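# Fold and contact review
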Amino acid sequence: MKKNIETWDAGGADLLALFRALKGDLFSFRELVPDDLAPMRVKGLVHAHVAIRGTKKILRIPRSGAFGLSPAANLKYQAACFSRAYPCGHVPVLHAIIPPQVGIPWGALIISEIEGCVPRLPEELVSIAEALASIHSLPVPEKVDQQPLPFHADPIAATLRVIEAQSRYMDDADITPASRRQIDEELARAHDFAANADCCDLPITLVGTDTHPGNFMIQSDGTAVFVDLEKMLYGAPAIDLAHATVYTSTMWDSDVATVISDKDVNLFYEAYFSELTRELGDRIRPWCGPFRRITWLRTTTWCAKLRVESRAGAAWSGSHHDPEYIASVHRRIDDYFDPETIAQIREGFNDGQSA
């Protein structure tokens, strides 16, 4: 086993500990040798991935917990995300879980390896739309069976709570006055939207939450697979649609980054609605425009949080990740906070860019 692998390559887990866990009685990797574990390219802030050569499986290793969950609770939550989404046919298969232990502080998930490529934008936005339609069309379980995934009966209020919590970081995030003024205007608009919206007919479905295009892979047959499932919950599908197509999402992953046109966005929505029942589509459609603004605001305030929390050795700093990758993240965030970028994004909202 190579000795020069950096800690961030395996998400802070020890490769030898992973090897020993896989060779244990709970798993069927009897022929495994240490060099069969191959850390994959560093990409993403929350997970690392290690290939198990010759098995078509990979280890998905959390670096931290979503929603502030403990390591054990985080694994239970992620397992629920995989099992709820599995019937849609557009997510990896979860095979097993390695519980948190010495050398593997956050545990790991053993999932199927997806053979494919990152999406080509804008052409393969249609495939992403089809995958999201399949996820959103899954039946919603009765209340007693929804746990541990949250059920957002009022997704507007739930999203606004997230935005408000993240917006507390803006004072310390070195945002220019011109940008801050525009963000504050959108915050005020979001509060008005939440105060006046009638959510009675807002459909609730299983949603991916973090559905930017870089979290999908395209298989050889053109099928899109959603690979970043740790934040799934029951909420507003229009938020997923927005998060797949707003500027801050299509430009997030450096391997995917593309500025897409209004026409591309409209084609995405058309493809999505063509996959739904008419009844569900008619209920989702009116929310697509309003949720584009609030979803952009959710992402933008999260960027403020990341700017602050990545300083001085904190969880999202270069001391815990590949420093080059973290530097590229900050370059993208610098663009997102540029006042001209914000103005252009808002103009798109004002022009009615939606379904």
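Residues numbered from 1 in each chain as written. Predicted model: local features only at pLDDT ≥ 70, side-chain atom pairs only at ≥ 80, totals over all residues. Heavy atoms only, no water.

So, on to the pattern of salt bridges. Evaluated as defined, the whole model comprises 15 salt bridges. One salt bridge in this structure joins Arg120 and Glu124, with 3.2 Å as the shortest N-O distance. Residue class for Glu124 comes out buried when judged on its relative accessible area of 14%. Ionic pairing is found between Arg346 and Glu185, a salt bridge with its closest N-O pair at 2.9 Å. Placement of the pair is Arg346 in helix H12 (residues 339-350) and Glu185 in helix H5 (residues 177-196), with a sequence separation of 161 residues. Classification of Arg346 by relative accessible area gives buried; the value is 13%. With relative accessibility at 35%, the residue Glu185 sits in the partly exposed group. Here the residues in one salt-bridge network are Arg181, Glu185, Glu186, Arg189, Arg293 and Arg346, joined through shared partners. (Salt bridge = Lys/Arg side-chain N within 4 Å of Asp/Glu carboxyl O. Buried < 20%, exposed > 50% of the residue type's maximum accessible area, 1.4 Å probe, protein only. Helix = DSSP H or I, 4+ residues; strand = E, 2+ residues; numbered from the N terminus.)

A few words now on H5. Helix length check: H5, at 20 residues, gives a terminal C-alpha distance of 29 Å against a target of 28 Å (1.5 Å per residue), a fit within 8%. Every buried residue of H5 is accounted for by Ser179, Gln182, Ile183, Glu186, Leu187, Ala190 and Phe193. Down the axis, H5 shows its buried residues gathered within 145° of arc, on one side only. Residues Pro177, Ala195 and Asn196 are exposed on H5 and point more than 90 degrees away from its buried face. Tucked inside the fold, the buried residues of H5 contact helix H4 (155-167), helix H10 (288-309) and H12. (Expected span 1.5 Å × (residues − 1). Arc of directions from axis to C-beta. Contact = heavy atoms within 4.5 Å.)

Now for unusual backbone geometry. Cis geometry is found at the peptide bond from Leu121 to Pro122, where omega equals 5°. In this fold, Pro122 is placed in the loop between strand S5 (108-112) and helix H3 (125-136). Looking along the chain, the bond that leaves Gln147 and enters Pro148 is cis, with omega of 10°. Here Pro148 is to be found in the loop between H3 and H4. One non-glycine residue, Lys56, lies in the positive phi region at around 60°. Within the secondary structure layout, Lys56 lies in the loop between strand S2 (47-52) and strand S3 (57-62).

As a further point, take the confidence of the model for the protein chain. Looking at the protein chain, the pLDDT average stands at 91 and 93% of residues meet or exceed 70. Low confidence marks residues 1-5, where pLDDT is under 50. Its contacts with residues over four positions away, or in another chain, come to 8 contacts. (pLDDT = per-residue confidence, 0-100.)

Attention shifts here to the side chain of Glu124. By the element assignment, Glu124 lies in the loop between S5 and H3. Beyond its immediate chain neighbours, meaning those up to four positions away, Glu124 contacts Val118, Pro119 and Ile218.

With that settled, the discussion passes to the sheet that holds S3. Spatially, the 5 strands line up as an open sheet ordered S1-S2-S3-S5-S4, and their pairing is antiparallel. Lying at the two open borders of the sheet, with one neighbouring strand each, are strand S1 (37-39) and strand S4 (94-98). On average, adjacent strands in this sheet sit at an angle of 25° to one another, irrespective of strand direction. Bridge analysis of S4 against S5 gives 4 bridges, and the strand direction is antiparallel. Of the residues in S5, the one forming a bridge with Ala96 is Ile110. Each of S1, S2, S3, S4 and S5 is contacted by helix H1 (residues 15-22), which is oriented at about 140° to S1, the strand it contacts most. Those strands touched by helix H2 (residues 71-85) are S2, S3, S4 and S5, and its axis lies near 15° from that of S5. (Pairing = 2+ DSSP bridges. Axes fitted to C-alpha atoms, helices over the stretch in contact; angles between N-to-C directions.)

So, about the packing of H3 against helix H8 (residues 262-274). Where H3 meets H8, the closest approach of the two axes is 8 Å, and the angle between their N-to-C directions is 35°. In the crossing of H3 with H8, the sense of the turn from one axis to the other is right-handed. Contact residues: Leu125, Val126, Ile128, Ala129, Leu132, Ala133 and His136 in H3; Asp264, Phe268, Ala271 and Tyr272 in H8. (Left-handed = near helix turned anticlockwise from the far one by under 90°.)

Of all 6 residues in S3, 5 are buried, a share of seventy percent or more. When S2 meets S3, the two strands line up antiparallel, connected through 6 bridges. The residue of S3 that forms the bridge with Ala51 is Ile58. Where S3 meets S5, 4 bridges bridge the pair, whose relative direction is antiparallel. Paired with Ile58 across the bridge in S5 is Ile111.

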